[in-house]
Amino acid sequence: MHGMLGMAYLNRLLTGWVDQRQIRSFSVRFPASAHLGNQITCPGRVVKIRNRCQKFH
């Protein structure tokens, strides 16, 4: 599988969880090709969550 296809799947998973407009950065590395039968893992971390539901006075 080409790396860009894996990146597209990961992006779809991410934007299913959070609105695309709230994502500030998204990066990947392509260390090797994936082959049939390989298990692909996608570690990540949330570095900041901003609360958009603030009351204004």
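You'll find the structure just up there.
Described below are features of the structure shown in this document. (Residues numbered from 1 in each chain as written. Predicted model: local features only at pLDDT ≥ 70, side-chain atom pairs only at ≥ 80, totals over all residues. Heavy atoms only, no water.)

### Notes on the overall build of the protein chain
A count of helical and extended segments in the protein chain gives 1 helix and 0 strands. Burial statistics for the protein chain: of 57 residues in total, 4% are counted as buried. Working note: accessible area of the protein chain is about 6100 Å², and carbon and sulfur atoms make up 54% of it. (Helix = DSSP H or I, 4+ residues; strand = E, 2+ residues; numbered from the N terminus. Buried < 20%, exposed > 50% of the residue type's maximum accessible area, 1.4 Å probe, protein only. Areas by Shrake-Rupley, 256 points an atom, 1.4 Å probe, with all protein chains shown as cover.)

### Some words on a nonpolar patch on the surface
Residues M4, V28 and F30 make up a contiguous nonpolar surface patch of about 280 Å² in total accessible area. Structurally, M4 can be placed in helix α1 (residues 3-17). Residue class for M4 comes out partly exposed when judged on its relative accessible area of 48%. (Patch = residues over 30% accessible without salt bridge, like charges linked within 9 Å, V, L, I, M, F, W, Y side chains within 5 Å. Salt bridge = Lys/Arg side-chain N within 4 Å of Asp/Glu carboxyl O.)

All quantities given are derived from atomic positions and should not be read as evidence of function.
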